Each structure stands twice: as C-alpha cells, then as structure tokens.
Amino acid sequence: MTKQPGRVPAAESDEPAVDPAIPSGRPVAAPGAAVLALLALGWLAAMLWSTREAIASSAAGVTAISLSAFALPGVISAALVAGAAVALAFGNLLSRRYGDGVTLRFVGAIGAGMVVGLAAALAINLTYFDTSTTNVIAGTTAAAAIIGGAVAGARTAPAVGAATAAALGTLVFVVVFSRARDPLFDLFGAGDSQESLVNAAKWVSRTESLAAGLLAGLLAFGYLRWARRQAVRRDSGAPALRWPAYLLAGAGPGLLLLLAEVIIRIGGRSLLDLAGALSEADAVAQTSLGTSRVDNGIWVLFVGALTALIAFGRTLGPARPDDEPVAADDSPALDADADDADPAEVDRAR
C-alpha cells in the first residue's frame, strides 16, 4: 500500500491515538469529590458537636462566652472546607449533566455552599443553648460555607480539590497533634519560669506549622497526580497540569486558613470582643491566639507550596538529546561516491 506524502501512519506516530468520539481538551473534574464532601461534612459535624458539648458543660455566662470564642476558629475552618467540598461534588454533577459552563458552575457552587451554611446554622440554632453567642456562631458558620462554595466555583477544579483535600487533612492533623504538645513542651525545655514556657510554646507552634505545611504539600501533590491519572484514563487528550497548578494546590490550605481568619475577625468580631473584655488575661489570650493562627497559616502556605512544587519537579525527567535539532551545516556533507572522497575528510565527517 502506498503512503501519501506528508502523512504519518497511526502505527508509526509517537502521539497516542485519540478516539474522535471523546472530546479532548475539556476541563477536568475534581475526582473523588463526593467522598471528599462526605468526609468534610463529617468533620464539620464533629466540630459542631464538640463545640456544643464544651459550651454545655460550662457554667452559663462568662465561661460559655470564653469557650465559644476559643471554639469558633475550628468551626469556621471546618465550614469553609465543607462548603468547598460539597460545591466541588455538585459542580461535577452539573458538568456531567449540562456541560462545563463557567457561569452555571459558579452559581451552582455558591448554591451548594449556601445549602451547607444554612444547614449548619440551623443545627446550631436548634441544638446550642440560646445565648448571646449562638447567633454569632451560626451566622459566621453560614458565611464561611458560602465563601467556601464560591472558592470551589473556580474553573481549575482539580487544583481546588487538591487544596480542599489537603486543608481537610491539615485540620485533622492539628487536632491529632494536640496530643503531642505536652511531650514537645518538655522536649523544648519548658520549666517553671514564664520565659521558658513562652519559648517552648513558640517552638511547639513552629514544629506544628512546619509539619502541617509538609503534610499539606504532599497531600496536594498526591491528589493532583491521582487526578491526572484519572483524567488520562477517561480522555487520552486531556491537558496536563502545569507547575502553577501544583503551586496553587500546595499553597491552598494555607490560603484557606488565612481566609478563615479573615471571616473570624469580621463575622465573629462581636464574640471575640466579648471574650476579650472578660479580663486582661482573656484579652491577652485572644490576641495571642489570633497572632498564632495567622503565623500558622503563613507557614502552611509557604511550606505547602514549596513542598508540592519540589515534589512535582522530581517527576520531571531530563530533556532527551534526540529532541534537539541538529543543524545541517554543522558537519561537512558526504559525497555519494565515497571512493572519490579524501579518506581524511571522510573520517572527520564521521
């Protein structure tokens, strides 16, 4: 069979064959979003339950206000992640049914976050004691879930999914790490003096932030690699994610923690002010905790981004020498009649 000039047979081409029935180059969905949404909702429910138990076990009034202020960051972070995770799952469903319209996906993501926020606010109002702080916690939680849904409306669904999964893993890690605080305090030289306690607390906080950042970066990288394999399995022509996606995914947990802090300081300002006005010690504690949360978010942001980027860089192989074009003028041309050529010239050309 004769070959037509200018055409490469499919068997001899280096590019993988693409089925024309499969649309290539379309935006990739976030894999495992449904499971991620269930885990995030479970974590939000656990945070709401633990906060309710802490407030219920305390005496009414001053202690309830103080405990509510201490528990607010955990609830807000969980609501932010849950809103984003549920919005991702709903966005995948919309994409399969109606195509990947940017406007439809964004509106659906906000709607999904609103449903999560309203459900959480309703649960707080029905199960928490009717105190002056209940409405503040409920309203701030609803706002956090809606904002999380809006974040998930971005077009780069795999990167947002990686950031959400890594953020959920980071939140769980922080709670688990709290059990290792006392041994670490002793390890870092905490004694009877106030100065030794402060120095040990700083080192414990830095250790926690560094470990959380490393975990966030590795989780984000692992999720994106898994997302890439799933995308190629469905569509061999799916575009590969570039390094900015890994950078954004690794930095995502830190960005979500900082965003949660902004929501806390705006929506929960009245609760924080009430807790800080109880005593001078409470005011100092609230200020110190706020500063510590900001520092932790910054550490997780930079360490997570750097970890994910380094992990992605290790997957890149060196460039093959065969890919580099060789100029025709770099070597002398050999005459077809090798018998008439000078042997020295032939040896140099070879």
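Let us look at the structure shown here. The shown structure was predicted, so the numbers you read here are calculated from the model rather than taken from an experiment.

## Looking at the overall build of the protein chain
Of the regular secondary structure elements, the protein chain holds 11 helices and 0 strands. Counting every position in the protein chain, which comprises 350 residues, the buried fraction comes to 38%. Look at the contacts in the protein chain between residues 6 or more apart in sequence, and 81% of them connect residues 24 or more apart. For the protein chain, the accessible surface area stands at approximately 19800 Å², while carbon and sulfur atoms represent 63% of it.

## Comments concerning a nonpolar patch on the surface
The grouping of Leu 210, Leu 214 and Trp 299 at the surface amounts to a nonpolar patch, some 260 Å² of accessible area in total. In this structure, Trp 299 sits in helix H10 (residues 280–313).

## Brief notes about the packing of aromatic side chains
A full pass over the atoms with the stated rule returns 4 aromatic pairs. Centroid distance Phe 173 to Phe 177: 5.6 Å. Interplanar angle 40°. Geometry classified as tilted. One end of the pair is Phe 173 and the other is Phe 177, both in helix H5 (residues 157–177) and 4 residues apart, which spans about a single turn. Where Tyr 223 meets Trp 226, the ring centres are 5.8 Å apart and the plane angle is 80°; that geometry is what we call edge-to-face. Remark: Trp 226 and Tyr 223 occur in helix H7 (residues 194–234); sequence separation between them is 3 residues, near one turn of the helix. Each member of the aromatic cluster is reached from another via a ring pair, and the members are Phe 221, Tyr 246 and Phe 312.

## Side note on the packing of H7 against H10
Where H7 meets H10, the closest approach of the two axes is 7 Å, and the angle between their N-to-C directions is 40°. In terms of their interaxial angle, H7 and H10 are classed as oblique. Note on packing geometry: the crossing formed by H7 with H10 is right-handed. Of the residues in H10, those in contact with Ser 205, Arg 206, Ser 209, Leu 210, Ala 212, Gly 213, Leu 214, Ala 216, Gly 217, Leu 218 and Phe 221 of H7 are Ser 292, Asn 296, Trp 299, Val 300, Val 303, Gly 304, Thr 307, Ala 308, Ala 311 and Phe 312. Counted by class, the contact of H7 with H10 contains 12 nonpolar, 8 polar and 1 charged residues.

## With respect to helix H1 (residues 33–56)
With 24 residues, H1 extends 34 Å between its outermost C-alpha atoms, agreeing within 8% with the 34 Å of an ideal straight helix rising 1.5 Å per residue. By the burial criterion, the buried members of H1 are Ala 33, Leu 36, Ala 37, Ala 40, Trp 43, Leu 44, Met 47, Leu 48, Thr 51 and Ile 55.

## Observations concerning the nonpolar core
Leu 44, Leu 48, Ile 76, Leu 88, Ile 137 and Leu 271 are the most contacted members of the largest nonpolar core, which totals 67 residues. No other element matches the 16 residues that helix H2 (residues 62–98) contributes to this core. The residues contacting Leu 88, other than those within four sequence positions of it, are Ala 30, Ala 33, Arg 105, Ala 152, Ala 157, Val 160, Gly 161 and Thr 164.

## Quick look at the layout of surface pockets
If you add up the space inside the largest pocket, you get close to 1400 Å³. Taken together, 39 residues line the largest pocket, and the ones lying closest to its centre are Arg 181, Glu 208, Leu 289, Ser 292 and Arg 293. Elements that contribute at least two residues to the lining of the largest pocket include exactly H1, H2, H5, helix H6 (181–187), H7, helix H8 (243–267) and H10. Tallying contributions element by element places H7 first for the lining of the largest pocket, with 9 residues. Tallied by class, the residues present in the lining of the largest pocket amount to 20 nonpolar, 12 polar and 7 charged.

## Let's talk about H5
Taking 1.5 Å as the rise per residue, H5 with 21 residues should run 30 Å; its terminal C-alpha atoms sit 30 Å apart, in good agreement. With 15 of its 21 residues buried, H5 lies for the most part within the structure.

## Observations concerning the packing of helix H4 (residues 134–152) against H8
Where H4 meets H8, the closest approach of the two axes is 10 Å, and the angle between their N-to-C directions is 145°. For the pair H4 and H8, the sense of crossing is right-handed. The residues of H8 that touch H4, namely those facing Val 136, Thr 140, Ala 144, Ile 147 and Val 151, are Leu 259, Ile 263 and Gly 267. Its residues placed into classes, the contact of H4 with H8 shows 6 nonpolar, 2 polar and no charged.

## With respect to the side chain of Asn 296
Within the element layout of this structure, Asn 296 appears in helix H10. Exposure remark for Asn 296: the relative accessible area of 15% places this residue in the buried category.

## Observations concerning the pattern of salt bridges
Counting across every chain of the model gives 4 salt bridges. Close ionic contact of Glu 53 with Arg 52 constitutes a salt bridge, the shortest N to O distance being 2.9 Å. By relative accessible area, Glu 53 is classed as partly exposed at 33%. Residue classification places Arg 52 among the partly exposed residues on the basis of a relative accessible area of 28%. Taken together, the salt bridges that share partners define one network made up of Glu 261, Arg 265 and Arg 293.

## Structural notes on the environment of Ile 263
Along the chain, the position of Ile 263 falls in helix H8. The buried category is assigned to Ile 263, whose relative accessible area is 7%. Taking the C-alpha atoms as reference, Ile 263 lies 9.3 Å from Ser 77; in sequence the two are 186 residues apart. Contact partners of Ile 263, with chain neighbours within four places excluded, come to Ile 76, Leu 80, Thr 140, Ala 144, Ile 147 and Gly 268.

Rules and cut-offs
Residues numbered from 1 in each chain as written. Predicted model: local features only at pLDDT ≥ 70, side-chain atom pairs only at ≥ 80, totals over all residues. Heavy atoms only, no water. Helix = DSSP H or I, 4+ residues; strand = E, 2+ residues; numbered from the N terminus. Buried < 20%, exposed > 50% of the residue type's maximum accessible area, 1.4 Å probe, protein only. Contact = heavy atoms within 4.5 Å. Areas by Shrake-Rupley, 256 points an atom, 1.4 Å probe, with all protein chains shown as cover. Patch = residues over 30% accessible without salt bridge, like charges linked within 9 Å, V, L, I, M, F, W, Y side chains within 5 Å. Salt bridge = Lys/Arg side-chain N within 4 Å of Asp/Glu carboxyl O. Phe/Tyr/Trp six-rings, centres within 6.5 Å; stacked < 30°, edge-to-face > 60°. Axes fitted to C-alpha atoms, helices over the stretch in contact; angles between N-to-C directions. Parallel < 35°, antiparallel > 145°, perpendicular 65-115°, else oblique. Left-handed = near helix turned anticlockwise from the far one by under 90°. Nonpolar A, V, L, I, M, F, W, Y, C, P; charged D, E, K, R; others polar. Expected span 1.5 Å × (residues − 1). Core = buried A, V, L, I, M, F, W, Y, C linked by side-chain atoms within 4.5 Å. 1 Å grid on protein atoms, 1.4 Å probe; cavity = no way out; pocket = protein on both sides within 12 Å on 5 of 7 lines; lining within 4 Å. Points joined across faces, edges and corners; volume = space filled by probe spheres on them.

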